[in-house]
Amino acid sequence: MTFFALAALLFLVILWLPLDGRNDWGFYKTLQVSNVMATFAIFLLLAFSLNLHTGMTGLLNFGVIFFASIGAILVGILTAPQEYFGYGWPILPAVLAAMVVGAVAGWLMAGPTARLRSDYFAIITISMGEVVRLLLSGEPLLRVGANASAIGIGQYPKPLNVWWFCGREPQLTSAGEVMSPVACSLDPSITSAASIVGDLLGFTKPAPYMLVLAVIGFFAIVLTWVVLSTLYRSPWGRVLRAIREDEEVAQHHGHDIMRHKATSLAVGGAIAAFAGALWAWKLGGFQPSFMSPARSTFLVWAAFIIGGAANNRGMVIGAMIIALMEFFFNVLVAAQGSSDLPLHGLANNIDVVFQWMVLTPFQPALVFLVLAGAMVWLRRSSAAETFGWMGATMLVLGVLLGGEGHHSITEVFPEVLGGVHPKMGFVKEVLVGLLIVFSLKFNAKGLLPEVPFRPERTGASPMEVEE
Amino acid sequence: MSAVLKVEGLRMEFGGLVAVKDVSFDVGKGEMVGLIGPNGCGKSTTFNCISGLLEQTRGRVEVFGKDASRMRPERIQRLGMTRTFQHTRLWREMTVIENLLVPPRKQFRSLDVLWKGRKHAAEQARLARAFEVLDELEVPHMAHNLASELSGGQSKLVDIGRAMMGEPGLLLLDEPVAGVAGPLAMKIFSNLRHLVDTTGISILVIEHNMDFILRQGVDRIVVMNEGEVLMQGTPDEVRSNRAVVEAYLGSAGDAGGEEE
C-alpha cells in the first residue's frame, strides 16, 4: 500500500516537472518524461542487481559500475561500425554477449573472493570498477569513434533508431545514399513509427527517440522484476538469505555457498550489464568520467539504502527518487545561468542560502545550535545530536573561512566569475549524502523494509493447495 | 553395531598451540554418545574438525564409512551428518519457519519449483514437515517470528529443529541446553533420547549438564582432557574412574556415587 502511494506520488512529480514554455509543449514534455523514465530504468536495473548481490546474498558490492561498464563498453565496441574502429555487430547479439560477459565476470569473481570477509570483498569490487575506468581512459583498444585518438566510445548505433525514424525499408537520398536517422527525422515526407506517434500526440515533428529507450527500459524492468521475484520466492532465494545471515551455518546445512554466491553474482552481473548497455544508448557516446563512483555506484547505493534493502519495491522507490534528483539538478544547473528558464527562482534561493552560509557562517551555526537546544528541551535526543553536530561543523567552517572578504573565499569564488555561487553538481552530492545519512540514522531499514516470508500452515486445508 | 562416525588419531594445531593432541573414538548406529571434559580441553575443536569447519593437522575422520578428513562442510553434511554450534547461530533476519526450510535436501533438483513456488508439492511437503517439527518442539506459535526475536532457550530448540530438518543420520550437538532452564532442558534430553530409540539416529553430544550425562541419557561417554581422550565407557564406568573425577567431575561424580 505504501509502495503504490509512494510510486504514484513520485510519478506525479515526474509529470509535474517544470518545462519552459516553448510552442511544441507536448513534444518537449514527452522528451522530458521519457528522459527521466530512461534514467529511472537504468538506475532501477542497477539497484535490482545491487539488491541481489548485497540485499539478498550479503555480498557488499561497491562495484555496481564495474558490471554496468562491461555492458556499456562491450555494446559500444561491438556494434560500432568498422570504419569507426568497432566490430560492426548487430545490436541483439552484442547485448547478449555483453550480458554473458557480465555474468561470467561475476561468476569468476566469486572464486578468489569467496573466502574473503565482506569488507575485503567491497574493496575488491570498488577497485575492479576503477581498473575498468583507468583502462577505458588509457587502453587504445577501448577507443571507438570518429577520431581514433579521442578517449571514450561513440558512434555506435542505437536499437530501433533507424526503424523509428526511417521505417522498415532504408531511405535513400537523391544521391542514392542511405539516410541517417537524424536526416529521416527532419524529412516530413517520410512515414515512420516516429511520425505516426508524433501525429497521434499532436506534435509538429516526429516523436523523440528517447521514448523508444524508455519503452525498452520499461520492458526490461518488468522482465527483471518477474525473474527476480520468482527467484526470491524460490528455495534458492531462501538459501541466499541464509548465506547473507550466516554463511558458515548455511554451509553446515549442506549448501555449497561458493556456487550460490557465484550464481548470484552472475545473475546480478548480467542485469547490470544490460543496464550499462541501456546507459550507453542513452548517452549516445561516453567518456571514462561516466564511470566515476560518485555519479554511478554511490547513487545506486543511495537508491538501495533509501528504498530498503532486500525489497525490490524499495528499489523502485529509491531509483525514482535518484532519477528525479538527477534530472532536477540538471535543470537547476541550466537555470542558475539564465532567468527565463524554469526553476530559476529556486536556483536563486539556493544561491542565497549558500552565500549566507559561506559569507556569514556564524549565523547558520547559531541557528543550528538554537535548534539543538530546542530539541534538548523537547527531549528529542537524536535530533538534538544531529543539529548539534551541524552547528559545530558550521562553527569550525566559520573559523576556517574567517568571514567576508577572506582570501579563501575570494580565491575560490573570484569576482570575475560572479562571486559566491554554489556548483549544483556538488549541491546534489551533498543532498545525496544527507539523504543517505538521515535514512541510515532515522530509518535504517529504508522506506520499504524487507518482508520476511511467513507461509501459513497448509496441511489442514488442502483446498488452498489446489488454488 | 556399525560405526557411523570414526575418529582416528585426530590432531589439531593452531600455530604453536596444540588444541587436540590425539583423539580417537567412534559412534555406533543408534547410539547416543556424550563428549565431556573441562573447558578448553578441545571438545569443540574436535567438533569443528569433524564437521569440516577446520582442517585437522593430522588424523582421519570417517562419516558413514566415507573418508571425510578433507571434505568441505556441505559435502560432509550431505553424507548425513549435521552439527549445531555452541553459540546458537540462527539466521536472525529470517522467520523461524524459514530457518527450518533452508536445510532440507534436494531443494534445487527440479526447476519447476521456480514457477510453481509455494504450490509445488515438494515445497508443500517441506512446509508441512517444518510445522510438524515446530509442533514437536512446542513452539508452533513462534513460526512467523523473526529468529532474532526468540529467547535463548527457544533459539536452542529451533536450532535442534533446524538440524532435524536436514534428516541427518548423525547429529552433533554442541551444548544443546546451555542456558536453558532445568525442566525444559530435561525435556529436550528426553526428546533426544526418544528420537534415538525410535528412529535409529546417532547423536554425539557435548554437555556440561552432568545430571543428564551421568544418569539419564547417554549410552557411552568419551572423556577428554588436555587434548586427549582420558577414557571411554558407560556412565557408570566413567563415574567410578578416579582420573576422571579428579580431572573434571569433582563433586558431581562423588555425589552420584553416594546416591547409588
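Residues numbered from 1 in each chain as written. Chains lettered and ligands numbered in written order. Predicted model: local features only at pLDDT ≥ 70, side-chain atom pairs only at ≥ 80, totals over all residues.

K.L.:
Just to check I follow, could you spell out the overall build of chain B for this structure?
P.N.:
Helix and strand counts for chain B stand at eleven helices and ten strands. Scaling as 2.2 N^0.38, a compact globule of 260 residues should have a C-alpha radius of gyration of about 18 Å, and chain B matches this with 19 Å. Referenced to the eigenvectors of the C-alpha coordinate spread, the extents of chain B come out at roughly 60 × 40 × 35 Å. Considering only contacts within chain B whose residues lie at least 6 apart along the sequence, 66% involve residues at least 24 apart. (Helix = DSSP H or I, 4+ residues; strand = E, 2+ residues; numbered from the N terminus. Rg over C-alpha atoms; globule rule 2.2 N^0.38 Å. Contact = placed C-beta atoms within 7 Å.)

K.L.:
Hey, could you run me through the pairing of strand β4 (residues 58-63) of chain B in this one?
P.N.:
As a general feature of sheets, a regular strand has side chains that alternate between the two faces. All names here are of chain B. Sheet topology note: the strand β1 (residues 3-14)/β4 ladder contains five bridges and is antiparallel. When the bridges of β4 are listed, E8 appears paired with R60. Inspection of the sheet shows β4 paired to strand β5 (residues 66-67) by two bridges, in the antiparallel sense. Residue pairing for β5: V63 is matched across the bridge by K66. (Pairing = 2+ DSSP bridges.)

K.L.:
I tried to follow the interface of chain B and chain A on my own but got confused; where do I start?
P.N.:
The parts lose accessible area when they come together, and the size of an interface is often stated as this lost area. Contacts between the two partners involve 35 residues from chain B, matched on the other side by 28 residues from chain A. Those elements that provide at least two residues to the side of chain B that touches chain A are α2 (73-78), β6 (81-83), α3 (96-101), α4 (112-116) and α5 (121-136) of chain B. Looking at the side of chain B that touches chain A residue by residue, the classes come out as 16 nonpolar, nine polar and ten charged. (Nonpolar A, V, L, I, M, F, W, Y, C, P; charged D, E, K, R; others polar.)

K.L.:
Mind showing me how you'd approach the domain arrangement of chain A here?
P.N.:
You can read the domains of chain A as domain 1 (2-158 + 209-337) and domain 2 (161-200). Taking the mean C-alpha position of each, domain 1 of chain A and domain 2 of chain A sit 31 Å from one another. (Domains from an automatic or database assignment.)

K.L.:
What am I meant to see in the domain arrangement of chain B here?
P.N.:
Each assigned domain of chain B is listed with its residue range as follows: domain 1 (3-89 + 168-259) and domain 2 (91-149). Of note, the centres of domain 1 of chain B and domain 2 of chain B, computed from C-alpha atoms alone, are 29 Å apart.

K.L.:
Even after reading the chapter, I still don't get the packing of helix α14 (residues 312-337) of chain A against helix α15 (residues 344-359) of chain A, so can you show me in this structure?
P.N.:
Any two packed helices are characterised by the angle at which their axes cross and by the distance between the axes. All names here are of chain A. Running from amino to carboxyl end, α14 crosses α15 at an angle of 80°, the nearest separation of the two axes being 8 Å. In terms of orientation, α14 lies roughly perpendicular with respect to α15. Only H344, L346 and A347 of α15 make contact with α14, whose side of the interface consists of L332, A335 and Q336. (Axes fitted to C-alpha atoms, helices over the stretch in contact; angles between N-to-C directions. Parallel < 35°, antiparallel > 145°, perpendicular 65-115°, else oblique.)

K.L.:
What is the right way to look at the environment of S185 of chain A in this model?
P.N.:
Residues and elements named next belong to chain A. Relative to the elements of secondary structure, S185 occurs in helix α7 (residues 181-186). With 23 C-beta atoms counted inside 10 Å, the residue S185 sits in the buried group. Placed 109 residues apart in sequence, S185 and A294 show a C-alpha to C-alpha distance of 36 Å. Setting aside residues no more than four positions away along its own chain, S185 makes contact with F165, A194 and P206. (Buried ≥ 20, exposed ≤ 12 C-beta atoms within 10 Å, placed from the backbone.)

K.L.:
Could you clarify how one ought to interpret the pairing of strand β7 (residues 170-174) of chain B in this entry?
P.N.:
Residue and element names in this part refer to chain B. Within β7, five of the five residues are buried, leaving the element largely enclosed by the surrounding structure. Residues L170, L172 and D174 of β7 are buried on one face, and the alternating residues L171 and L173, pointing to the opposite face, are buried as well. Inspection of the sheet shows β6 paired to β7 by three bridges, in the parallel sense. Residue pairing across strands places M81 opposite L170, the latter belonging to β7. By the bridge criterion, five bridges tie β7 to strand β8 (residues 202-206) in an arrangement that is parallel. In the sheet register, D174 faces β8, and the bridge partner there is I206.

K.L.:
Looking at this model, I keep getting lost on unusual backbone geometry. Mind explaining?
P.N.:
Glycine aside, residues mostly have negative phi angles, and peptide bonds mostly take the trans form. Its identity as a non-glycine residue notwithstanding, F85 of chain A has a phi of 70°, on the positive side. Inspection of the secondary structure assignment puts F85 of chain A in the loop between α3 (64-79) and α4 (91-113). Here the phi dihedral of E167 of chain B falls at roughly 45°; this positive angle occurs in a residue that is not glycine.

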